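Architecture at a glance
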Amino acid sequence: MFLRLLGIAQDAGVPHIGCRCARCEKFRSDPLLPACVGIVGERQTYLVDATPAIARQIEMLPVFPESILLTHAHMGHIAGLLQLGKEAWNRPTTIYASPSLCGFLEANAPWNQLPLACVQTIGDLELEPGLHVEWVPVQHRAENSDTHAFLIRGPQRTVLYLPDIDAWDDDLESLLARCDVALLDGTFYSRDELPRHADVPHPPIEETLARLGDQTSKVRFVHVNHTNRLLDEGSELLAVQGEDLAL
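Presented here is a report on the structure given in the accompanying data block. (Residues numbered from 1 in each chain as written. Predicted model: local features only at pLDDT ≥ 70, side-chain atom pairs only at ≥ 80, totals over all residues. Heavy atoms only, no water.)

1. Regarding the sheet that holds strand 11 (residues 181–185)
- On the basis of which strands lie adjacent, the open sheet formed by six strands has the order 7-8-9-10-11-12 and mixed pairing. With one partner strand each, in any of the chains shown, strand 7 (124–128) and strand 12 (219–222) form the two edges of the open sheet. Within this sheet the neighbouring strands show an average axis-to-axis angle of 20 degrees, counted without direction. (Pairing = 2+ DSSP bridges. Helix = DSSP H or I, 4+ residues; strand = E, 2+ residues; numbered from the N terminus. Axes fitted to C-alpha atoms, helices over the stretch in contact; angles between N-to-C directions.)

2. Concerning the environment of Cys 118
- Mapping Cys 118 onto the fold places it in strand 6 (residues 116–120).
- C-alpha separation for the pair Cys 118 and Thr 93, spaced 25 residues apart in sequence, amounts to 8.5 Å.
- Every residue in contact with Cys 118, bar those within four places of it in the chain, is listed here: Ile 95, Cys 102, Leu 105 and Glu 106. (Contact = heavy atoms within 4.5 Å.)

3. As for the packing of aromatic side chains
- All chains considered together, the criterion is met by two aromatic pairs.
- Plain terms: the ring middles of Phe 64 and Trp 89 are 3.9 Å apart, the flat faces sit at 10 degrees to each other, and that makes the pair stacked. Pair noted here: Phe 64 is in the loop between helix 2 (54–58) and strand 4 (67–69) and Trp 89 is in the loop between helix 3 (75–78) and strand 5 (93–97), with a separation of 25 residues, a long-range link.
- What makes Phe 64 partly exposed here is its relative accessible area of 31%.
- The partly exposed category is assigned to Trp 89, whose relative accessible area is 30%.
- Ring geometry for Trp 135 and Phe 150: centres 4.5 Å apart, planes at 55 degrees, overall tilted. Residue Trp 135 is found in strand 8 (residues 131–138), and its partner Phe 150 is found in strand 9 (residues 147–153); the two are separated by 15 residues along the sequence.
- Phe 150 sits in the buried class, given a relative accessible area of 0%.
- Just above the ring of Trp 89 sits the side chain of Arg 91; from NZ or CZ to the centre is 4.3 Å. (Phe/Tyr/Trp six-rings, centres within 6.5 Å; stacked < 30°, edge-to-face > 60°. Buried < 20%, exposed > 50% of the residue type's maximum accessible area, 1.4 Å probe, protein only. Lys NZ or Arg CZ within 6 Å of the ring centre and 35° of its normal.)

4. Section: helix 6 (residues 205–212)
- Those residues of helix 6 not exposed but buried are Ile 205, Thr 208 and Leu 212. Take helix 6 and look down its axis: the buried residues cluster within an arc of 60 degrees, on one side only.
- Contact partners of the buried residues in helix 6: helix 5 (172–177) and strand 12.
- Within two residues after helix 6, Gly 213 carries a phi angle of roughly 60 degrees, on the positive side. (Arc of directions from axis to C-beta.)

5. So, unusual backbone geometry
- Here the bond from Val 14 into Pro 15 is cis, since omega is 10 degrees, no more than 30 degrees from zero.
- With respect to the secondary-structure elements, Pro 15 resides in the loop between strand 1 (2–7) and helix 1 (22–26).
- That bond from Ala 109 to Pro 110 is cis: its omega, 0 degrees, falls within 30 degrees of zero.
- Position of Pro 110 among the secondary structure elements: in the loop between helix 4 (99–107) and strand 6.
- The backbone of Asp 49 shows a phi angle near 75 degrees, a positive value even though the residue is not glycine.
- Along the chain, the position of Asp 49 falls in the loop between strand 3 (45–48) and helix 2.
- Despite not being glycine, His 223 has its phi angle at roughly 60 degrees, a positive value.
- Mapping His 223 onto the fold places it in the loop between strand 12 and strand 13 (244–246).

Here it is, written out as structure tokens:
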């Protein structure tokens, strides 16, 4: 069993639409796709979040995923579901999501016109023997649904997948204590990086590092915006698109 990183960028990817900055030009021929992971089990393959790049990301997996687990209802996490409609894939797909998110998908077009079977999930879900995903509620902009991080537990180790949160609270250290690898929200490096940071709050990487001190050895950052200086040169803090993490 393993987890494959299918994308490490913020919802819009890098290069960012309409942007010609040096960072976007750097990745124009080899884009960073929106944050997403695939879980390859013994029996099935599972996708975590359905990004705008879903078609390309599914090609990075050994087989087409039979189920999709959703963290929340923002663009970079559900827009790819449109590819499952009759204009494209057009096959029934099981969706595991919180009651809040399932309710949103079932009550609103175009989501309720897609062949999705929503399974309301909270707490611990056994995907198959030896492979569990635990829903962990986190605070994030809740225009359409609540937001969850996932503790993905296999026979060998546990990976925390937490691509979106507004601010760290006292639970961060306890979550890190429960995992072997933590893929954390690294949208922005510093608070002054984006003039409208208050509109899209995310904990800046420099503040996360200062808080964790020497506890950062298991941390890698995902959901990285095109404005983030971490993209300027190779960094061991940045998760690697295409990397496999044994579970």
